[in-house]
Amino acid sequence: MVVAPSMTSRADAVSGRILGLLGTQGPTSRAAIARRLRLSPATVTQVIKELVANGSVRELSSVPSNGGRPATLLGLGRDGAGAVGVKIVADHLAIVDVSIAGEVMRSTTVPFDPSGPNAIERCSDILRDAVADHPGLLLGVGVGVPGSVDAQDNGVVTSSMIGWDRVPLGAVLREALGVPVLIDNDVHAVAAAQLLYGAGREFDTYLVVTIGLGIGCAVVVERSIYRGAHGGAGEIGHIPVTLDGPVCQCGATGCLEAYIGAPALVRQARRDGVIGPRGTVATLHRAADRGEERALAAFHRAGSMLGRGLAGVANTLDPQAIVLLGEGMTAWPHWQPGFDATFRPHLMVDRRQLPIIREDWTDDHWALGAAALVMASPFDSDASGAQGGLVSARLQSMQVTAR
Ligand SMILES: [Zn+2]
């Protein structure tokens, strides 16, 4: 049979997405694949047949399905692929090697000054070593930055937090590393990890809210991250909450983050004498643990401001759930009384059952999120563009090298 070139490339694209789904979601039935990728059952059956024949997919155990005959689960024919995830912070790079199933295999921290001379070259050098050391087949490098990024597959970065203005990080890294590179805002990257490995697997439209140095939010709509016109959607930390108020890092006054971001909490607590002049957010946390009233009041106030702000966002966007995570969540028991007092009372009456899901947090989360940009790229070609196509091609090459 003669197959037109366009049909071949479509079949290749479909097999790349199926391999990506199995790699990131684990064993899945044919029916679930068709549902998740919005393909016809006939297409899925045909492509799976070819993938089983060439050894890149294998049939695993069967599970009972609703009343019908048992559904066979499918898995990748070969393990060993993974990604490198990188989180750029004000004073270091956090780097993880992640397997395709989302396990962190190795995690390192390298000192890095993003505002120093030759910062981009230094970043390239560090990542060149990370790529060389990656065990197994590397699908690509994902980078999360605390700022806005024009497009994942281009990667021009602007960030007031690390002092970058339209830095062409993506182009430099692709040239230096020779592998697919996907770059996004760090909160978007964490949301990509939630989509693949976290609570986001259960929902289609939800918010991922991070609490820490800043207050961030990723808006996930129908399983895609909404980026906005300039890649900067979700900056809920910069919702103006008072007419005047403290100056925010963004230059405006009275932003939510200027009250409840970690630096703001610390500044206020020092000024009020709740902690000493060198006290940190951890000091404030310990004081609250000891039951010191003014420390408890500081967190209560932060919780109530967050609750009001998030209720406004939820009323605007009508999500199915809100996932809360970030470094600040370790102190959540102290935030929660204030949050509970304001959040649900400010929701529209018919939405007050909105689930709030709290995720445990480790330091690796940010970098794991960056690696998830690579893993997610085969599903989201709108966002991942040409680099996502290269990741798909690498997934398919697994079967070639396995033969
Ligand atoms: Zn602001």
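It should be emphasised that the depicted structure is a prediction, and the values quoted were computed from it without experimental measurement.

The next point concerns the overall build of the chain. Helix and strand counts for the chain stand at 13 helices and 16 strands. Across its three principal directions, the C-alpha atoms of the chain cover 80 × 55 × 35 Å. For the chain, with 403 residues in total, the buried portion stands at 44%. In the chain, the share of contacts with a sequence separation of at least 24, taken over all contacts with a separation of at least 6, comes to 63%.

A few words now on the domain arrangement of the chain. Splitting the chain by domain gives domain 1 (5–76), domain 2 (81–192 + 364–402) and domain 3 (201–358). Distance from the C-alpha centre of domain 2 to the C-alpha centre of domain 3: 27 Å. Listed by contribution, the elements that provide at least two residues to the side of domain 2 that touches domain 3 are β8 (148–149), α6 (186–197) and α13 (381–402). Among the elements that line the side of domain 2 that touches domain 3, the one with the most residues is α6, at five residues.

So, about helix α10 (residues 293–317). With 25 residues, α10 should cover 36 Å at 1.5 Å per step; its first-to-last C-alpha distance of 36 Å lies within 8% of that length. As for α10, its buried residues are in contact with β12 (206–211), α7 (257–260), α8 (262–271), α9 (281–289), β15 (321–325) and α11 (332–342).

Glancing now at the sheet that holds strand β10 (residues 164–167). Strand-to-strand pairing in sheets goes through backbone hydrogen bonds, with the strands running parallel or antiparallel. Judged by pairing direction, the sheet is antiparallel, and its three strands sit side by side in the order β8-β9-β10 without closing on themselves. With partners counted over all chains shown, the strands left at the sheet margins are β8 and β10, one partner each. Judged from the two bridges that link them, strand β9 (residues 157–159) and β10 form a sheet pairing that is antiparallel. From the neighbouring strand, valine 157 faces β10, where its bridge partner is valine 167.

In terms of nonpolar packing, the biggest core is built from 115 residues, with Val86, Val141, Ala192, Val208, Leu284, Ala371 and Ala372 touching the most fellow members. Top element by residues in this core is helix α12 (residues 365–376). It accounts for ten residues.

Turning our eyes to something else, we now look at the pairing of strand β4 (residues 81–88). In terms of burial, β4 is a largely internal element, eight of the eight residues being buried. Burial of β4 is two-sided: the residues Ala81, Ala83, Gly85 and Lys87 facing one way and the residues Gly82, Val84, Val86 and Ile88 facing the other way are all buried. Both β4 and strand β7 (residues 137–145) contribute to a ladder of seven bridges, which runs parallel. Bridge pairing in β7 links glycine 85 to glycine 142. In terms of strand pairing, β4 meets strand β5 (residues 92–99) through seven bridges, oriented antiparallel. Bridge assignment links lysine 87 to a residue of β5, and that residue is alanine 94. Counted along the chain from β4 to the antiparallel partner β5, the turn is three residues long.

Their axes nearest at 9 Å, the elements helix α2 (residues 30–37) and helix α3 (residues 41–53) cross at an angle of 120 degrees. One element, α2, and the other, α3, form an angle in the oblique class. Read as a crossing pair, α2 and α3 show a hand that is right-handed. In contact with Arg30, Ala31, Ile33 and Ala34 of α2, α3 contributes Pro41, Val44, Thr45 and Ile48. For the contact of α2 with α3, a count of residues per class yields six nonpolar, one polar and one charged.

Overall, mixed pairing links the five strands, which are arranged β6-β5-β4-β7-β11 in an open sheet. With partners counted over all chains shown, the strands left at the sheet margins are β6 (104–111) and β11 (181–185), one partner each. Put simply, the sheet's adjacent strands are angled 20 degrees from each other on average, direction ignored. Where α6 meets the sheet, its contacts fall on β4, β7 and β11, and the angle it forms with β11 comes to roughly 110 degrees.

When we look at burial in α8, the residues that qualify are Ala262, Ala264, Leu265 and Ala269. Across the axial projection of α8, the buried residues extend over an arc of 165 degrees, all falling on one side. On the buried face of α8, the contacting elements are α7, α9 and α10. Looking one or two places after α8, you find glycine 273, whose phi comes out positive at around 75 degrees.

Bringing unusual backbone geometry into the picture now. One non-glycine residue, glutamate 222, adopts positive backbone phi at about 50 degrees. Checked against the element boundaries, glutamate 222 lands in the loop between β13 (215–221) and β14 (224–226). Positive phi is not limited to glycine here, since arginine 223 has a value of about 65 degrees. Within the secondary structure, arginine 223 sits in the loop between β13 and β14. Among the residues examined, arginine 223 registers 16 C-beta atoms within 10 Å and is labelled partly exposed.

A low pLDDT means the predicted coordinates there should not be read in detail. Per-residue pLDDT for the chain has a mean of 87; in total, 92% of the residues score no lower than 70. Confidence drops under a pLDDT of 50 for residues 1–7, and excluding neighbours within four residues, the segment shows one contact in the predicted structure.

Cut-offs used in this document
Residues numbered from 1 in each chain as written. Predicted model: local features only at pLDDT ≥ 70, side-chain atom pairs only at ≥ 80, totals over all residues. Helix = DSSP H or I, 4+ residues; strand = E, 2+ residues; numbered from the N terminus. Buried ≥ 20, exposed ≤ 12 C-beta atoms within 10 Å, placed from the backbone. Contact = placed C-beta atoms within 7 Å. Domains from an automatic or database assignment. Expected span 1.5 Å × (residues − 1). Pairing = 2+ DSSP bridges. Core = buried A, V, L, I, M, F, W, Y, C linked by C-beta atoms within 7 Å. Axes fitted to C-alpha atoms, helices over the stretch in contact; angles between N-to-C directions. Parallel < 35°, antiparallel > 145°, perpendicular 65-115°, else oblique. Left-handed = near helix turned anticlockwise from the far one by under 90°. Nonpolar A, V, L, I, M, F, W, Y, C, P; charged D, E, K, R; others polar. Arc of directions from axis to C-beta. pLDDT = per-residue confidence, 0-100.

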